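# Residue-level structure breakdown
So you can see what is in the structure, the chains are spelled out below.
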Amino acid sequence: MILYYLPLILVFLSVLISIKYRTAGYLLTAIASAMFFLFTFRIYDYITYFYLIAAIVWIIASVFSISYSKKYGRWLAPLFILTIAGMMLILYSPNYLLFITGWEIMSIPAYVTVAVNKKNDMEAYIFMFFSEISTVLIITAAVISYVYTGTLNFSKLTNDTVLLIFAIGAMSKMGLTPFMISEWLPIAHGSAPANTSAIFSATMTLMGVYGIVKIALLSVVSIDIGIIFIIIGVISVLFGALYAYISENMKSLGGFSTIENNGALMATIGLFVAVDNSVLREFILISIAIFAMAHSIAKTGLFITVGHTGVEYFSAVNGEKSTINQIGKFFALSSLSGLFPSLGGLGTWMILESFFMGAYLYGPLGITSIIAGSLIAMGEGFATAAMLKVFYFTDNHKRTSGKNLENYTILATGLILVFLFAISFLLIGNEYISGIPSVLVFKGLMIESRFGPADFGLITPLYIFIFLLLFSMIVYLVFGKPRVRVAKRWNGGIEHNEYFNSFNYSNNIRLILKRVLRTSYTSEDGVETVDIFWLVMINIAKTYRKFARLVAYKIMNSSISYYIIYMIIAFILVIIIASFS
């Protein structure tokens, strides 16, 4: 038993060590993360895939931090590691009490990291405000679960109330609609150092996904709750991808991309909650695990790539290149784009297959599934464009020995995603694995999507990887290194700029969707967009203020007449409510 919890003991110990010996603390955290994976991961037990995901991200981020965090002094290492310790406690927790404890241990050092890094109260307060909203809601869900089950352990539930309240709390941490309206997640992630932003985006939000999946596995099937989750997820996918595409702050782009990825996961969880077909439910659960794995690892690569530039905005990048960095970045961003031959391509395929299979369930759920699948596919298109923007406009890598570790970390991240894609058939249960020997696709190498005895779709990851590699080598050998032909460019609707930059790259969408983005033109700043979510939030605040003033000045104005009317109405309502109880 002590051996099982040894990784948790080591990671808390590394917090203390890192105060004086930063590198030793990071190395011990990486070792503890590897041990955590070895002690907890079980093949085909898909909830433990979250343990594998977290361990890979922590190892990559810890190794990257050895070189990256030198400029931050002593405070970053212990805060970074303590955040990881909180997340590890969440994954170990057998009950709500330890889960909530880990949730707070994860959140508090993260808040301090943002506050110390930016030296600005607003970003840190925004982060903590939404963190505490999530904590309060999760505590509420735990209390309700205790009322129903008589225990604080994670137990089977006979209704969907706990799932709904817990999910709303987790969605606050994940930055999903309606919490996306404040943009707290892009603001917080954009305000932290890159290594911390990586674990914020890749594993802190993953804790929310993990928690919802854990409660969903214990809850009853609920079509209504499932459809609500699907709608929330789809809206988050569309607007998260859109705002990632037009963002000029690289870390904020990563934050919006996280909202998009979490939205896809939330929608898929909704489908899982709503479906009553055991075969399809298991395939959906595998899809969630594979997509979460691809998102978390690739998002780590995105943030360490951004951190490696040393700046926050695309406009500040100087254009120097590193071949090692380019290769790793290409595969990591391909995964976030949902493209082959990376794990993100498989995860996206599985999620879309899940929704298109859901369309055959007919009724409201079937209609919701086909619409959701189509809109998620559209959001993935915006996500691909956003990742291309990062790829082409983040070349700012100095060729110094001090940066080699960071370059190789980015390369390793990309290669891990390709490797996991190539062996993905080993991670999926045998009931979804087959082959077609007649066309040389040997049994055990093909993944099939289905919700009954017959196949719905087929994919062979290893063959895709081999053929892409083979054809790429043939093309290179025949035609040699690609030659670049300079052509006159359309500058994104901007005439006065002398070169094609990231702003111009995104300007087509600013112009096409000007009614949504409220694109405007000013003589001083040129093209500007207005965040419609901020407008909605401001309008809600103004409406509430008008209502409060109306109540204060017209009703609650010390008039005895209004108080008597209020007491009579309240008395009548109490009688009515009591009569129904």
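This text follows the structure it describes.
All of the points below concern the structure found in this document. Keep in mind the model is a prediction, meaning the values are calculated, not measured. (Residues numbered from 1 in each chain as written. Predicted model: local features only at pLDDT ≥ 70, side-chain atom pairs only at ≥ 80, totals over all residues. Heavy atoms only, no water.)

### Section: the overall build of the protein chain
What counts here: Going along the chain from the N terminus, every DSSP run of H or I of four or more residues is numbered as a helix, and every run of E of two or more is numbered as a strand. Exposure classes here rest on a 1.4 Å probe applied to the protein chains alone. A residue is buried below 20% of its type maximum, exposed above 50%, and partly exposed in between. Here, residues are in contact when the closest pair of their heavy atoms is within 4.5 Å. Here the Shrake-Rupley method, with its probe set to 1.4 Å, supplies the accessible areas, and only the displayed protein chains count as covering residues.
What the protein chain contains, in helices and strands, is 21 helices and five strands. Sorting the 581 residues of the protein chain into buried and exposed places 56% on the buried side. Of all intrachain contacts in the protein chain linking residues separated by at least 6 positions in sequence, the fraction that spans at least 24 positions is 74%. Accessible surface, the protein chain: about 25700 Å² in total, of which carbon and sulfur atoms supply 69%.

### Concerning unusual backbone geometry
Here the bond from Phe 340 into Pro 341 is cis, since omega is 10 degrees, no more than 30 degrees from zero. Checked against the element boundaries, Pro 341 lands in the loop between helix H13 (323-336) and helix H14 (343-358). In this model, Tyr 44 sits at a positive phi of 70 degrees, which is unusual for a non-glycine residue. Position of Tyr 44 relative to the elements: it lies in the loop between helix H2 (22-40) and helix H3 (49-68). Phi at Leu 440 is positive, roughly 65 degrees, even though this residue is not glycine. Tracing the chain through its elements places Leu 440 in the loop between strand S1 (433-436) and strand S2 (441-449). Given the relative accessible area of 56%, Leu 440 is considered exposed.

### Quick word on the packing of H2 against H3
Applied cut-off: Here, axes are lines fitted to C-alpha atoms. For helices the fit covers the stretch in contact, and angles between N-to-C directions go from 0 to 180 degrees. Here the word oblique covers every angle except those under 35 degrees (roughly parallel), over 145 (roughly antiparallel) and from 65 to 115 (roughly perpendicular). Crossings are sorted by hand: turned counterclockwise from the far helix by less than a right angle, the near helix makes the crossing left-handed, and turned clockwise it makes it right-handed.
Look at H2 against H3: their axes get within 9 Å of each other, and the N-to-C directions meet at 165 degrees. Considering their axes alone, H2 and H3 lie roughly antiparallel with respect to each other. The crossing of H2 and H3 is left-handed. Seen from H2, the contacting residues are Thr 23, Tyr 26, Leu 27, Thr 29, Ala 30, Ser 33, Ala 34, Phe 36, Phe 37 and Thr 40; seen from H3, they are Tyr 51, Leu 52, Ala 55, Trp 58, Ile 59, Ser 62, Ser 65 and Ile 66.

### Looking at the environment of Leu 375
Its place among the elements puts Leu 375 in helix H15 (residues 363-392). Judged by its relative accessible area of 26%, Leu 375 falls in the partly exposed class. Sequence-wise, Leu 375 and Val 234 are 141 residues apart; in three dimensions their C-alpha atoms are separated by 6.8 Å. Dropping the residues within four chain positions of it, Leu 375 is found in contact with Val 234 and Leu 238.

### Section: helix H1 (residues 6-20)
For clarity, the cut-off: Residue count minus one, scaled by 1.5 Å, sets the expected span of a helix.
If you check H1, its first and last C-alpha atoms are 22 Å apart, about what 15 residues at 1.5 Å a residue would give, namely 21 Å. Of the positions making up H1, those classed as buried are Pro 7, Leu 8, Leu 10, Val 11, Ser 14, Val 15 and Ser 18. Summarising the contacts, the buried residues of H1 are in contact with H2 and helix H4 (76-92).

### A look at the pattern of salt bridges
Heads up, the condition is: A pair is scored as a salt bridge if a Lys or Arg side-chain nitrogen falls within 4 Å of a carboxyl oxygen belonging to Asp or Glu.
A complete count under the given rule lists four salt bridges for this structure. Put simply, Asp 45 and Arg 42 hold a salt bridge, and the shortest N to O gap is 2.7 Å. On the accessibility criterion, Asp 45 (26% relative accessible area) is partly exposed. The partly exposed category is assigned to Arg 42, whose relative accessible area is 45%. Here Lys 389 and Glu 248 are joined by a salt bridge, their closest N and O atoms 3.0 Å apart. Of this pair, Lys 389 sits in helix H15 while Glu 248 sits in the loop between helix H10 (223-246) and helix H11 (250-274), and the two are 141 residues apart along the sequence.

### Observations regarding the pairing of S1
Quick reminder of the rule: When DSSP locates at least two bridges between a pair of strands, those strands are taken to pair.
Two strands pair when backbone bridges link them, and S1 and S2 are joined in this way by three bridges, in the antiparallel orientation. Looking across to S2, one finds that Ile 433 is bridged to Ile 447. If you look at the hairpin formed by S1 and S2, you'll find four residues sitting between the two strands, and Leu 440 has a positive phi there, around 65 degrees.

### Some remarks on the side chain of Glu 353
Definition in use: Think of it this way: Lys and Arg go in the positive column, Asp and Glu in the negative one, and His and the chain ends go nowhere.
With respect to the helices and strands, the residue Glu 353 is situated in helix H14. Within the buried core, Glu 353 has no salt-bridge partner, and the shortest N-O distance to an opposite charge, that of Arg 450, equals 11 Å.

### Details of a positive patch on the surface
Our working definition: Two joining distances apply to patches: 9 Å for like charges and 5 Å for nonpolar side chains (Val, Leu, Ile, Met, Phe, Trp, Tyr), and every residue must have over 30% relative accessible area and no salt bridge. We put the charge of a Lys on NZ, of an Arg on CZ, of an Asp on CG and of a Glu on CD.
A cluster of like positive charges, contributed by Lys 542, Arg 545, Lys 546 and Arg 549, occupies part of the molecular surface. By secondary structure assignment, the location of Lys 546 is in helix H20 (residues 532-555).

### Examining the sheet that holds S2
Strand order in this open sheet of three strands is S1-S2-S3, and the pairing throughout is antiparallel. Of all the strands in the sheet, the pair left with one neighbour each is S1 and strand S3 (457-459). Going across the sheet, the axis of each strand differs from the next one's by a mean of 50 degrees, ignoring polarity. Packed onto the sheet, helix H17 (residues 461-479) meets S2 and S3 and runs at close to 110 degrees relative to S2.

### Let's talk about the packing of H15 against helix H18 (residues 502-512)
When two helices pack together, their arrangement is given by the angle between the helix axes and the distance between those axes. For clarity, the threshold we go by: Residue type decides the class: Asp, Glu, Lys and Arg count as charged, Ala, Val, Leu, Ile, Met, Phe, Trp, Tyr, Cys and Pro as nonpolar, and the leftover types, Gly among them, as polar.
One can describe the packing of H15 onto H18 by two numbers: an axis separation of 10 Å at closest approach and a directional angle of 165 degrees. Comparing the axis directions of H15 and H18 gives the class roughly antiparallel. The crossing of H15 and H18 is right-handed. Contacts between H15 and H18 pair Phe 382, Ala 385, Leu 388 and Lys 389 from the former with Ser 502, Tyr 505, Ser 506 and Ile 509 from the latter. Grouping the constituent residues of the contact of H15 with H18 by class yields five nonpolar, two polar and one charged.

### Structural notes on the nonpolar core
In plain terms, the rule: Nonpolar core, defined: a set of buried Ala, Val, Leu, Ile, Met, Phe, Trp, Tyr and Cys residues in which side-chain atoms within 4.5 Å join the residues together.
Formed by 164 residues in total, the largest nonpolar core has its most connected members in Phe 50, Trp 58, Ile 199, Ile 212, Met 293 and Leu 346. Counting residues per element, this core draws most heavily on helix H12 (residues 278-309), which supplies 17 residues.

### Some thoughts on the pairing of S2
Across three bridges, the pairing between S2 and S3 is antiparallel. For Ser 449, the partnering residue across the bridge sits in S3 and is Gly 457.

### Some thoughts on the side chain of Ser 69
Rules: N or O atoms closer than or at 3.5 Å make up a polar contact, with two conditions inside protein: a donor-capable atom paired with an acceptor-capable one, and, for residues adjacent in sequence, both atoms drawn from side chains.
Mapping Ser 69 onto the fold places it in the loop between H3 and H4. The exposure class of Ser 69 is buried, given its relative accessible area of 0%. At a separation of 2.7 Å, a polar atom in the side chain of Ser 69 contacts the main-chain carbonyl oxygen of Ser 65.

### Section: H13
Given 3.6 residues per helical turn, the α-helix brings residues three or four places apart onto the same face. The terminal C-alpha atoms of H13, which comprises 14 residues, lie 20 Å apart, in line with the 20 Å expected from a rise of 1.5 Å per residue. Buried residues belonging to H13 abut H11, H12, H14, H15 and helix H16 (404-422). Within two residues after H13, Gly 338 carries a phi angle of roughly 75 degrees, on the positive side.

### Description of the packing of aromatic side chains
Heads up, the condition is: In this scheme Phe, Tyr and Trp rings, the latter by its six-membered ring, pair at centre separations within 6.5 Å, and the angle between planes marks the pair as stacked below 30 degrees, edge-to-face above 60, and tilted otherwise. Here, over-ring charges are defined by two tests on the NZ atom of lysine or the CZ atom of arginine: distance to the ring centre within 6 Å, and angle to the ring normal within 35 degrees.
The final tally for this structure, using the stated rule, is 34 aromatic pairs. Measuring from centroid to centroid gives 5.2 Å for Tyr 46 and Tyr 49, while their planes differ by 65 degrees, and the two rings are edge-to-face. A single burial state applies to Tyr 46 and to Tyr 49, both of which are buried. Chaining the aromatic ring pairs together yields one cluster made of Tyr 4, Tyr 5, Phe 36, Phe 50, Tyr 51, Trp 58, Tyr 92 and Tyr 210. Across from the ring centre of Phe 272, 4.0 Å away, lies the NZ or CZ of Arg 281, which sits over that ring. Across the ring face of Phe 391, the terminal group of Lys 329 is positioned such that the distance to the ring centre comes to 5.2 Å.

All quantities given are derived from atomic positions and should not be read as evidence of function.
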